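Results of the structural survey
Listed here are the chains, written in short residue letters.
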Protein chains: 2
Amino acid sequence: MKTDAYRVKEGKKIKLAQWATDEDGGLDEKDAKLLTKELQDKLFDWQERLYAERQQSLLIVLQARDAGGKDGVVKHVVGSFNPNGLHISSFKVPNEEELAHDFLWRIHAQAPGKGMIGVFNRSHYEDVLVTRVYDMIDGKTAKARLQHIRHFEALLSGNGTRILKFYLHISPDEQKQRLQDRLDEPGKHWKFNPGDLKDRDHWSQFTSAYQDALTTSTSDAPWYVIPADHKWYRDLVISQILLDTLMDMNPKYPKITFDPAEIRIK
Amino acid sequence: MKTDAYRVKEGKKIKLAQWATDEDGGLDEKDAKLLTKELQDKLFDWQERLYAERQQSLLIVLQARDAGGKDGVVKHVVGSFNPNGLHISSFKVPNEEELAHDFLWRIHAQAPGKGMIGVFNRSHYEDVLVTRVYDMIDGKTAKARLQHIRHFEALLSGNGTRILKFYLHISPDEQKQRLQDRLDEPGKHWKFNPGDLKDRDHWSQFTSAYQDALTTSTSDAPWYVIPADHKWYRDLVISQILLDTLMDMNPKYPKITFDPAEIRIK
């Protein structure tokens, strides 16, 4: 499966309206899930190599609108990895101590160590998204922050971290349906946050802020716009990108410093 | 399935030699794995309640000798949880800053927040095990540390954290076989650490140190001695204890503060 079409090219500002939210790759749910399962079995093996090698890291950044599927990707894609090698960080509204520092301070502390797969469920990009939409920062600050983000990500990638940034792209109708489901199904009530409706009222401002954020796509830290109306297609595409990336990183089992044939266990 | 027999009673010092390592519950591997899968599907649902409720935490402490199966439990049992609600900590040899503090300082920082399941892959117990066996601390210090551990665990449990401590109990022969496998199979070489053989030479001293550590078993923070020669039985017993514990904690979906029928999504 080819995923290049979902990748945001470096140095180009895109228009999200031109990117499909409802692609399905010509597959149905059942077939897609089987394919995803096959990919994830391979991901599990590649993760072990990454973990054993301890020379490189993978950082997965998840961004989306409310009900866009961030938690679903953690559950259904990230959940297929061995938790021993995972470092998951969910970034909420910053607390007082975090606000007393630059916006990358708390993020940097959660960067994955060598051998690890880090997952940011929301990320430093919130600091140019929600903050920008609600005028907590002005355009000049947002622009400066985007530049700080580019430098920060270059620091990580220069140290052996591959960064994959996923924007889970859903339509306004799909979001409406998912929010309505949370109201209609008692088992999902706890997921509903009345504040999400306020963000929904600012749909086009968020689109604009995301389009700015997506300009930070580089070869070392690419953005992917994932068609996410179909959850099973979203999971398939992300699994494929993860596998392609891990294979390209090509971690190797470390050379051993002992001769197995010479060791006798008493 | 009953698991009480594996629980260390409060106020009693046990002799590990009297606890079986090779129990299989009269099951074979295939049946045990099916049962484990059923339990884990239930665990996944109970974890969601715990996460949604955000009032309690569960802390799983894993201790074992080398090749005892700590990583296996994380992979095969903990791996069945939703990673969104997991906080996994692997404690290695303490670094300079950690050594400049009391031994619980770095541990406390990793305690699971409300709604979360924390996993300690090794733990504060190393500070009364490996340190004691190699005479880095004396008996008096070890005794004082055990008392500090009791107080620390009481602090966590008083704040809504249930603590489950698992000692994965394997025989010397089983350890020998597992270490030999790591030498014989190139794909497992990276797991072999020549230093493990030194610990093996101190088998009985470790037994003695573990027996002291296991005296910290209380109703709020019980120790379980898990028969771990059969990996599939180990995973089944732990899954059952986790499920019984979560059901006993009985987390509930939170009451909502809005009327779903009154909300209109535009």
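Refer to the structure presented above.
In what follows, the accompanying structure is described. Keep in mind it's a predicted model, so treat the numbers as computed, not measured. Starting from 1, residues in each chain are numbered consecutively following that chain's sequence as written. Throughout, the order in which chains and ligands are written sets their labels, letters from A for the former and numbers from 1 for the latter. At least 70 in pLDDT is required for a residue's local features to be given in this predicted model, at least 80 for side-chain atom pairs to be given and counted, and no such filter applies to totals for whole chains, interfaces and linings, which use all residues. Water and hydrogen atoms play no part in the side-chain values, which are based on all heavy atoms of the structure.

**What about the pairing of strand 1 (residues 57-64) of chain A?**
All names here are of chain A. The classification of residues rests on relative accessible area computed with a 1.4 Å probe and restricted to protein chains. Under 20% of the type maximum is buried, over 50% is exposed, and intermediate values are partly exposed. We count a stretch as a helix when DSSP gives it H or I for four or more residues in a row; a strand needs E for two or more, and each element gets its number in order from the N terminus. Among the eight residues in strand 1, eight count as buried, and that is most of the element. Alternating residues of strand 1 divide into Ser 57, Leu 59, Val 61 and Gln 63 and Leu 58, Ile 60, Leu 62 and Ala 64, and every residue in both groups is buried. Two strands make a pair as long as DSSP finds a minimum of two bridges between them. Sheet topology places strand 1 next to strand 4 (residues 161-169); eight bridges connect them, and they run parallel. Paired with Val 61 across the strands is Lys 165, a residue of strand 4. One ladder, built from five bridges, connects strand 1 with strand 3 (residues 117-121); its direction is parallel. Looking at strand 3, one finds that Val 61 is bridged to Phe 120.

**Considerations on the packing of helix 1 (residues 29-53) of chain A against helix 10 (residues 231-249) of chain A**
All names here are of chain A. Angles shown run from 0 to 180 degrees and are taken between the N-to-C directions of axes, each axis being a line fitted to C-alpha atoms and, for helices, limited to the stretch in contact. Relative orientation of the contacting elements helix 1 and helix 10 amounts to 30°, with a least axis distance of 9 Å. In this view, helix 1 runs roughly parallel relative to helix 10, as classed from their interaxial angle. The two elements helix 1 and helix 10 cross, and the hand of that crossing is left-handed. Contacts between helix 1 and helix 10 involve Glu 29, Ala 32, Lys 33, Leu 35, Thr 36, Leu 39, Gln 40, Lys 42, Leu 43, Trp 46 and Leu 50 from the first element and Trp 232, Asp 235, Leu 236, Ser 239, Gln 240, Leu 242, Leu 243, Leu 246, Met 247 and Met 249 from the second. Charged residues are taken to be Asp, Glu, Lys and Arg, nonpolar residues to be Ala, Val, Leu, Ile, Met, Phe, Trp, Tyr, Cys and Pro, and polar residues to be all remaining types, Gly included. Residues that form the contact of helix 1 with helix 10 fall into these classes: 13 nonpolar, four polar and four charged. Any angle that falls under 35 degrees is termed roughly parallel, while one over 145 is termed roughly antiparallel, one within 65 to 115 roughly perpendicular, and all others oblique. If you view the pair so one helix is near and one far, a crossing is left-handed when the near helix is turned anticlockwise from the far one by less than a right angle, and right-handed when it is turned clockwise. Contacts are assigned to residue pairs that have any heavy atoms within 4.5 Å of one another.

**Structural notes on the relation of the copies chain A and chain B**
Rotating chain A by 180° about the axis while translating it 0.0 Å along that axis superimposes it on chain B, leaving an RMSD of 0.0 Å. On the angle and the small slide along the axis, the relation comes out as a two-fold axis. Both copies present the same face, since 100% of the interface residues in chain A are matched by interface residues at the equivalent positions in chain B. Superposing copies: least-squares fit, C-alpha atoms only, residues required to have pLDDT of at least 70 in both.

**Overview of the packing of aromatic side chains**
Two numbers describe a pair of aromatic rings. These are the distance of the centres and the angle of the planes. Stacked, edge-to-face and tilted are the three classes for Phe, Tyr and Trp ring pairs, Trp counted by its six-membered ring, which pair at centre distances within 6.5 Å; planes under 30 degrees apart are stacked, over 60 edge-to-face, the rest tilted. By the definition in use, this model includes 18 aromatic pairs over all chains. Ring centres of Tyr 51 of chain A and Trp 190 of chain B lie 6.0 Å apart, and the angle between their planes is 80°; on these two criteria the pair is classed as edge-to-face. With Tyr 51 of chain A in helix 1 and Trp 190 of chain B in the loop between helix 7 (172-184) and helix 8 (195-201), the pair connects residues from two separate chains. Under the relative-accessibility criterion, Trp 190 of chain B is labelled partly exposed at 22%. One aromatic cluster is present, formed by Tyr 51 and Tyr 253 of chain A together with Trp 190 of chain B through successive ring pairs.

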